[in-house]
Amino acid sequence: MTRVLYPGSFDPVHNGHVEMVETAAGLFDEVVVAALINPSKGDALFDLEERMALLDESFAHLSNVRTTMFDGLVVDLAGEVEADFIIKGLRAVSDFESELQMAQMNMAISGVQTLFLPTASRRSFMASRLIREVARLGGDVSQMVPDPVRARLQDRFPG
Ligand code: PNS
């Protein structure tokens, strides 16, 4: 039985994340998707509770996926949920440097290993920051996010 932890800000979850979770759900016995605080990012659009509710709705179709939220170190959560590995998605080489550094830090402080999964190239431009920006300015992001997220963005930014 292999359980993996997929942590992220998920502010909000988008279809690149969905692809990653669907892939992981096929590769591993259980996937725990966790909304966490990224201390290097500024004000969030959605609070942790809202982000987790959107994760719940977005992954309701996957029986071996559960969601949680956590305000602390990702490696502490990995220990709490007894994850064998942390998984992270890589969209492009530009993700690699910071993800490698985080993986090495997490390994150094806890011994938890991180596995990287590549995103399909057709989704490599998707980023929560850009999706928030486009939605805020009235652009159409409906093809990039799960339907519950589309509805929630519409509530936040009624055109
Ligand atoms: O979706 P993101 O913003 O790239 O996810 C980054 C996240 C939330 C996984 C990262 O900031 C994180 O692990 N935050 C929890 C605090 C922590 O453990 N920091 C040390 C990372 S080496």
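Notes on the structure in this doc start here. (Residues numbered from 1 in each chain as written. Predicted model: local features only at pLDDT ≥ 70, side-chain atom pairs only at ≥ 80, totals over all residues. Heavy atoms only, no water.)

With 18 residues, helix α4 (residues 93-110) ought to run about 26 Å at 1.5 Å a step, and its terminal C-alpha atoms sit 26 Å apart, in line with that. Among the residues making up α4, those that are buried are Asp 95, Glu 99, Ala 103 and Asn 106. Check the buried side of α4 and you find it contacts α3 (74-80), β4 (85-90) and β5 (113-118). Downstream of α4 by one or two residues, Gly 111 has phi in the positive range, about 85 degrees. (Helix = DSSP H or I, 4+ residues; strand = E, 2+ residues; numbered from the N terminus. Expected span 1.5 Å × (residues − 1). Buried < 20%, exposed > 50% of the residue type's maximum accessible area, 1.4 Å probe, protein only. Contact = heavy atoms within 4.5 Å.)

Looking now at the packing of helix α2 (residues 48-58) against helix α6 (residues 147-156). Running from N to C, α2 and α6 point in directions that differ by 145 degrees, and their axes come no closer than 9 Å. Across the interface between the two elements, Glu 50, Leu 54, Glu 57 and Ser 58 of α2 pack against Pro 148, Val 149, Arg 152 and Arg 156 of α6. (Axes fitted to C-alpha atoms, helices over the stretch in contact; angles between N-to-C directions.)

Moving on, we get to the site of the ligand. For the ligand, the set of nearby residues contains 14 residues, the closest of which are Ser 9, Ile 37, Asn 38, Lys 41 and Val 74. The separation between a nitrogen atom of the ligand and a polar main-chain atom of Ile 37 is 3.1 Å. Considering the ligand on its own, with 550 Å² of exposed area, one finds that the protein chains cover 82% of that surface. Residue contributions to the shell around the ligand peak at three residues, all from α4. The class makeup of the residues in the shell around the ligand is seven nonpolar, five polar and two charged. (Near = heavy atom within 4 Å. Polar contact = N/O pair within 3.5 Å; in protein donor to acceptor, adjacent residues only side chain to side chain. Areas by Shrake-Rupley, 256 points an atom, 1.4 Å probe, with all protein chains shown as cover. Nonpolar A, V, L, I, M, F, W, Y, C, P; charged D, E, K, R; others polar.)

With that settled, the discussion passes to unusual backbone geometry. The step from Asp 11 to Pro 12 runs through a cis peptide bond, and the omega angle for that step is 5 degrees. For Pro 12, the location among the structural elements is in the loop between β1 (3-8) and α1 (15-27). If you check the backbone angles, Phe 10 has positive phi at about 50 degrees while not being a glycine. Topologically, Phe 10 is positioned in the loop between β1 and α1. Classification of Phe 10 as buried rests on a relative accessible area of 3%.

Before going further, it helps to examine the packing of aromatic side chains. Counted according to the given criterion, the structure contains two aromatic pairs. Here Tyr 6 and Phe 10 contribute two aromatic rings whose centre-to-centre distance is 5.4 Å and whose plane-to-plane angle is 70 degrees, an arrangement assigned as edge-to-face. Each member of the pair, Tyr 6 as well as Phe 10, carries the same accessibility label: buried. Geometrically, the ring pair formed by Phe 96 and Phe 116 is edge-to-face, given 6.0 Å between the ring centres and 65 degrees between the ring planes. With Phe 96 in helix α4 and Phe 116 in strand β5, this residue pair connects regions lying 20 residues apart in the sequence. (Phe/Tyr/Trp six-rings, centres within 6.5 Å; stacked < 30°, edge-to-face > 60°.)

Before going further, it helps to spend a moment on the pattern of salt bridges. Using the criterion set out here, one finds 10 salt bridges in the structure. A salt bridge links Glu 50 to Arg 156; the nearest nitrogen and oxygen atoms lie 3.4 Å apart. Within this pair, whereas Glu 50 is found in helix α2, its partner Arg 156 is found in helix α6, the two being separated by 106 residues in sequence. Of the residues examined, Glu 50 reaches a relative accessible area of 19% and is grouped as buried. (Salt bridge = Lys/Arg side-chain N within 4 Å of Asp/Glu carboxyl O.)

Glancing now at the pairing of strand β2 (residues 30-36). Summarising burial for β2: seven of the seven residues are buried, a large majority. In β2, alternate side chains face the same way, and those of Glu 30, Val 32, Ala 34 and Leu 36 on one face and Val 31, Val 33 and Ala 35 on the other are all buried. Relative to β2, β1 runs parallel, the two being bridged by six bridges. The residue bridging Val 4 from the neighbouring strand is Val 31, located in β2. (Pairing = 2+ DSSP bridges.)

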